[in-house]
Amino acid sequence: MNAPHAHRFAILLDGELTPTPRVARQIDGARVIAADGGMRHAKALGLQPELWVGDFDSAPAALLETHADVPRQDHPSRKDVSDGEIAIGEAVAAGARSLVLCGALGGERTDHTLFSMLLAIRLAERQGLDVILTSGREEAVPLLPGTRRCPDWPVGTLFSVIPFSDLTDLTITGADWPLDRVEVAMGSSLTLSNSASDALGLTLGHGTAAVVAAFAL
């Protein structure tokens, strides 16, 4: 890994995570904060977190012992915020401008995945942060009004645009099914299961959404 990048943070969450070369590139040089059971990904990713936060109800004793040298920030189990959001808050307080949420997709808790997506949208919309959510097999990024390009998604990458509101003036280029300034109602399947055919680009006039991609391993 390169020397730490002061403004890029990898947040280790307790969802599914498959270490891949793509994930390794995304977190290379990032500072690292683990949230409770998300610490289990540290060894596989070759990371040494600078902070470990949570109520530690999902961290087994063996994990606590193995990483006893990592500074811990303990929180009560009965609280009104998730361990992941606490970890992200610590990163933002430390000056984060970009976040890679490792273990934010998949796993046994769909509610956690949805909250992670909505939190990523909020962070991008209100604080201007660049946020990637990843499980290694899948990746998601917020889509807000303006233009977003995904030039490093390989040709053939399956992706969907999931509206979290009604969308207006959505344009998709570099895809098998391009769109030109269309309206997409929240809940519509119009933007489900597209495929990248070139350097993917998305432009949105109004609304909020997430772009979710699946990568062949």
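Scroll up to find the structure.
Not measured: the values here are computed from a predicted model. (Residues numbered from 1 in each chain as written. Predicted model: local features only at pLDDT ≥ 70, side-chain atom pairs only at ≥ 80, totals over all residues. Heavy atoms only, no water.)

1. Topic: the side chain of Gln26
For step 1, the next point in the chain: Secondary-structure assignment places Gln26 in helix α1 (residues 21-27).
For step 2, the next point in the chain: For Gln26, the side chain forms a polar contact with the side chain of Glu139, separated by 2.9 Å. (Helix = DSSP H or I, 4+ residues; strand = E, 2+ residues; numbered from the N terminus. Polar contact = N/O pair within 3.5 Å; in protein donor to acceptor, adjacent residues only side chain to side chain.)

2. Let's talk about the pairing of strand β12 (residues 194-204)
For step 1, the next point in the chain: As paired strands, strand β8 (residues 146-150) and β12 are joined by 5 bridges and run antiparallel to one another. Looking across to β12, one finds that Thr147 is bridged to Thr203.
For step 2, the next point in the chain: Where strand β9 (residues 158-163) lies against β12, 2 bridges are found, and the strand directions are antiparallel. Residue pairing for β12: Phe159 is matched across the bridge by Asn194.
For step 3, the next point in the chain: Pairing geometry for strand β10 (residues 167-175) and β12, over 4 bridges, is antiparallel. From the neighbouring strand, Ala175 faces β12, where its bridge partner is Ala196. (Pairing = 2+ DSSP bridges.)

3. Points about the packing of aromatic side chains
For step 1, the next point in the chain: Taken as a whole and judged by the stated rule, the model has 3 aromatic pairs.
For step 2, the next point in the chain: Taking the centre distance of 5.2 Å and the plane angle of 85° together, the rings of Trp52 and Phe56 count as edge-to-face.
For step 3, the next point in the chain: We classify Phe56 as buried; its relative accessible area is 10%.
For step 4, the next point in the chain: On the basis of an interplanar angle of 50° and a centroid distance of 6.5 Å, the ring pair of Trp153 and Phe159 is categorised as tilted.
For step 5, the next point in the chain: Owing to a relative accessible area of 3%, Trp153 belongs among the buried residues under this scheme.
For step 6, the next point in the chain: Taken together through their ring pairs, the aromatic side chains of Trp153, Phe159 and Phe215 make up a single cluster.
For step 7, the next point in the chain: Cation over ring: Arg72 sits above Phe56, and NZ or CZ is 4.1 Å from the ring centre. (Phe/Tyr/Trp six-rings, centres within 6.5 Å; stacked < 30°, edge-to-face > 60°. Buried < 20%, exposed > 50% of the residue type's maximum accessible area, 1.4 Å probe, protein only. Lys NZ or Arg CZ within 6 Å of the ring centre and 35° of its normal.)

4. Structural notes on the pattern of salt bridges
For step 1, the next point in the chain: Per the counting criterion, the structure on display carries 10 salt bridges.
For step 2, the next point in the chain: Of the charged contacts, one joins Arg40 and Asp14 as a salt bridge, the two residues approaching to 2.6 Å between their closest N and O atoms. Note that Arg40 is positioned in the loop between β2 (30-35) and α2 (42-45) and Asp14 in the loop between β1 (5-12) and α1, a separation of 26 residues in sequence.
For step 3, the next point in the chain: For Lys79, the salt bridge is made with Asp83, and the minimal N-O distance between the two is 3.0 Å.
For step 4, the next point in the chain: On the basis of relative accessibility, which here comes to 11%, the residue Asp83 falls in the buried class.
For step 5, the next point in the chain: Among the charged side chains, a network of salt bridges with common partners joins Arg22, Glu139 and Asp152. (Salt bridge = Lys/Arg side-chain N within 4 Å of Asp/Glu carboxyl O.)

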